[in-house]
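Residues per chain are reported as follows:
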Amino acid sequence: MAREFATCVEYGLSLSKRIYYGKEMTPAATAAMTRSVSEKSSDVAESYFPTAVMAYAVVSEPELVENPDVPSYQPYVHGRCEPPALIPLHMHGVVTMEIDCCFDHANVCFSGAWRVHCIKGNSKCDVRIAVPMGEQGSLLGVEVDVPGRSCHSQLIEAEDANYKEKVSKGGNGRLMRGSVYTFKIPQVEGGATVSIKVIWSQKLLYHEGQFSLNVPFSFPAFVNPVGKKISKREKILLNVSSGVGKEILCKSTSHALKELRREVGKMGFLYDAEVLTWSSADFSFSYNVYSKDLFGGVLLQSPLLRDIDDRQMFCFYLFPGNNQSMKAFRKEVIFIIDISGSMKGGPFESAKNGLLSSLQKLNPEDSFNIIAFKMDTYLFSSVMEQATEEAIIEATRWLNDKLTADGGTNILGPLKQAIKLLAETTNSIPVIFLITDGAVEDERDICNFVKGYLPSGGSISLRISTFGIGTYCNHHFLRMLAQIGRGHFDTAYDADSVDFRMQKLFTTASSIILADITVDALEHLDSLELLPFCIPDLSRGSPLIVSGRYSGNFPDPVKISGTLADMRKFTIDLKAQKTKDLPFDRVVGRRQIDLLTANAWLSGSKELEQKVAKMSIQTGFPSEYTLMVLHQTLQDEKAPETILIQDVFNKINPLKKMDLQKTIMLGNLCVGFGNLTATAENIPPGTEETKSSEATEMLFKAASNCCGRVVDRCCCMCFIQTCSYMNNQCAIVLSQICAALACVECINCCIELCECG
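Conventions adopted
- Residues numbered from 1 in each chain as written.
- Predicted model: local features only at pLDDT ≥ 70, side-chain atom pairs only at ≥ 80, totals over all residues.
- Heavy atoms only, no water.
- Pairing = 2+ DSSP bridges.
- Helix = DSSP H or I, 4+ residues; strand = E, 2+ residues; numbered from the N terminus.
- Axes fitted to C-alpha atoms, helices over the stretch in contact; angles between N-to-C directions.
- Expected span 1.5 Å × (residues − 1).
- Buried < 20%, exposed > 50% of the residue type's maximum accessible area, 1.4 Å probe, protein only.
- Contact = heavy atoms within 4.5 Å.
- pLDDT = per-residue confidence, 0-100.
- Phe/Tyr/Trp six-rings, centres within 6.5 Å; stacked < 30°, edge-to-face > 60°.

### Quick word on the sheet that holds strand β19 (residues 295-301)
Pairing is mixed across the open sheet formed by 5 strands, whose spatial order is β29-β31-β20-β19-β34. The strands lining the two open edges of the sheet, one partner per strand, are β29 (527-531) and β34 (576-578). For this sheet the average axis-to-axis angle between neighbouring strands, irrespective of direction, equals 25°. As judged from the 7 bridges shared by β19 and strand β20 (residues 312-319), these two strands associate in the antiparallel manner. Of the residues in β20, the one forming a bridge with Gln 301 is Met 313.

### Thoughts on the sheet that holds strand β12 (residues 205-207)
Spatial strand order, β12-β13-β18-β15: 4 strands in an open sheet with antiparallel pairing. Single-partner strands in this sheet number two, and they are β12 and β15 (248-253). Averaged over all adjacent pairs, the angle separating strand axes in this sheet is 25°, with direction ignored. The pairing of β12 with strand β13 (residues 210-215) spans 3 bridges and is antiparallel. Looking across to β13, one finds that His 207 is bridged to Gln 210.

### Focus on helix α3 (residues 346-360)
The end-to-end C-alpha distance of α3 is 21 Å, a good match for the 21 Å that 15 residues give at a rise of 1.5 Å each. Every buried residue belonging to α3 is among Pro 347, Phe 348, Ser 350, Ala 351, Lys 352, Gly 354, Leu 355, Leu 356, Ser 358 and Leu 359, and all of these are buried. Along its buried surface, α3 packs onto β21 (331-338), β22 (367-373), α4 (389-401), β25 (429-436), β26 (463-469) and α8 (498-510).

### With respect to the confidence of the model for the chain
Chain-level pLDDT for the chain is 83 on average; 82% of the residues reach the 70-or-more range. Note that residues 641-660 has pLDDT below 50 and, in this model, 40 contacts with residues that lie over four places away or in other chains. Contacts from residues 689-757, a stretch scored under 50 in pLDDT, to residues over four places away or in other chains number 101 contacts.

### Some thoughts on the packing of aromatic side chains
The full count for this structure, using the stated rule, is 26 aromatic pairs. For the pair Phe 295 and Phe 319, a centre-to-centre distance of 5.1 Å together with 20° between the ring planes defines the contact as stacked. In this pair, Phe 295 is assigned in strand β19 and Phe 319 in strand β20, connecting sequence segments 24 residues apart. The two residues Phe 295 and Phe 319 agree in class, both being buried. Relative to Phe 433, the ring of Phe 335 lies with its centre 5.8 Å away and its plane at 65°, an arrangement referred to as edge-to-face. One end of the pair, Phe 335, is in strand β21; the other, Phe 433, is in strand β25, and 98 residues separate them in sequence.

### Points about unusual backbone geometry
Going from Glu 82 to Pro 83, the amide bond is cis rather than trans, its omega being 0°. The residue Pro 83 is located in the loop between β1 (54-59) and β2 (85-88) in this model. The omega torsion across Leu 531 and Pro 532 is 0°, close enough to zero to call that bond cis. In this fold, Pro 532 is placed in the loop between β29 and β30 (538-539). One non-glycine residue with positive phi stands out, namely Arg 306, at about 55°.

Here you go:
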């Protein structure tokens, strides 16, 4: 999907060369538009993949491509673009972002306006909007205004999809690489301005006491409008709250922020500037919440208005601090790596590199082993090996020379072998690190097996962390397995990010400084829901945040106990305090929905599924059991009250009450529960993204490889009609190429393709 999208943008930029802006008015040239055709397809995808909120004209009919203000009477173009070309629209006016950070969470509200500069006046096209989100991003809401109508998004329960007969299917919402959501606004007139407001949430990265925020805000040069007097202004409002009442120390920023206010644990900043060109760098900001020692706290809050659960809310947190005297546990690690046929090529090479880089992070006193699996299993060693330089070199040789990716997928077998190898572990933490790209039929049996095994473990029981590659694996199974094993879960949606994300996850999972954490006195509450239900360890790589619901008298202080690396007991008293201004639903909403979805998957509980759906609608975070729809209202109708994310929980309008509005079904914003068929057929992750554009791309390469020069506003079909050297058979062949490409840029290319002249 990502590759197809990028290819369509490439076609769109070629089509946009037909647009005439007037004398001495030319769009800015970019490296991406003039790159060599011999570059790898992955480079093409990166060149044209959206790195900020973007809007594109969806062009199936090339003849529509024209300046709506300055007609240039282009030659008629036969044929269609299939798939449709995507022409990036020019961005106008003021671009604003409002960002609210709390704990490790950020809410981003982005607003901008784009002009349909490339479609004839009085003609219409669809506009595709792409919303790149940062780390673990979740789309929360959309508002779009076009001349004559406005649109706003809403989450509905999936079971309400029985109304889809009344709902347009033209939205075609889809998720690319797990972090970029795209959808269409139908039939926008050439020359119109499209105003877009999108809200999403994302995580802040954490490393050694420092939080880092990175928001996609890098616009390619070709979205800058053509003209010298067009005003461009960027405005960013940033609010930061530590959430823990400790002083914030700013470290770095990408844009020139002006400090507006400062309180204990809170700061406000503003960036406001007229610019010559739109930002070419993502917005980044980092700050420290400094403390030498481990610290934490407990936050209590009453339920929200019209909450689906009337119990009180709580959240307790632990930060590792910067005390280097708190040593990490010695580790005995077994990597279980999938080498089934679907991993062949890029996924396996990237996973292998991530595994080898993780081995380099082990200390000499640690030990390790590797189990590779398809239907059979392959052990690097029959015993655990010390993490010496020689052993790591031997493991590297074994991975490179002895293993090939082919065959099926069997996870339970290697998991049992790893558990057996780690059964005698003492005075260290046994860690299993599972890497897979597939789904298997016995996933619930695997979870129940591990759940039954863990109580019989040693003084510190087994830890399991999981890593999924692509969308064919069942992320909810992997999350549940990690939750049972008090470990961590992460995923990479494309091969290029596997290495980095694997190393990041391994660093978090293997730098444990406090294990077997328990919370005293909670058992005396009248009722308690703890998420996750097994409290994970505290790692140097990440703060620990646990939340839930309760009824009764919450203890104050709360005693937290755990085990240090030298096997001594550690306790800390955390003060409980009530808070009103902390956005609880923002900070813990995504976590709770993910964890409850995994619980619902394992138990098969319909009641829990309904609870997740209601929680999704209340908080605005998407789930597997909700769908997003886009309501359209004509401006001469009475528009319904806008549904803002911050008050969505108390303004829920059933879809059935909106029959008079045209509604676009954007669909589910999540990844599903794995694909057993794709796994059984060893289909590599991401393969489904390329099939639909392969034929068009082949024709594109065939035509573009022989181009000698570019002729502005020239198309092959025009040349076919005028070339006296071309016979009928040549014309037929070239017509077929043009029908797929919509246009080819070079007359010399046409002559060489048909070997005439």
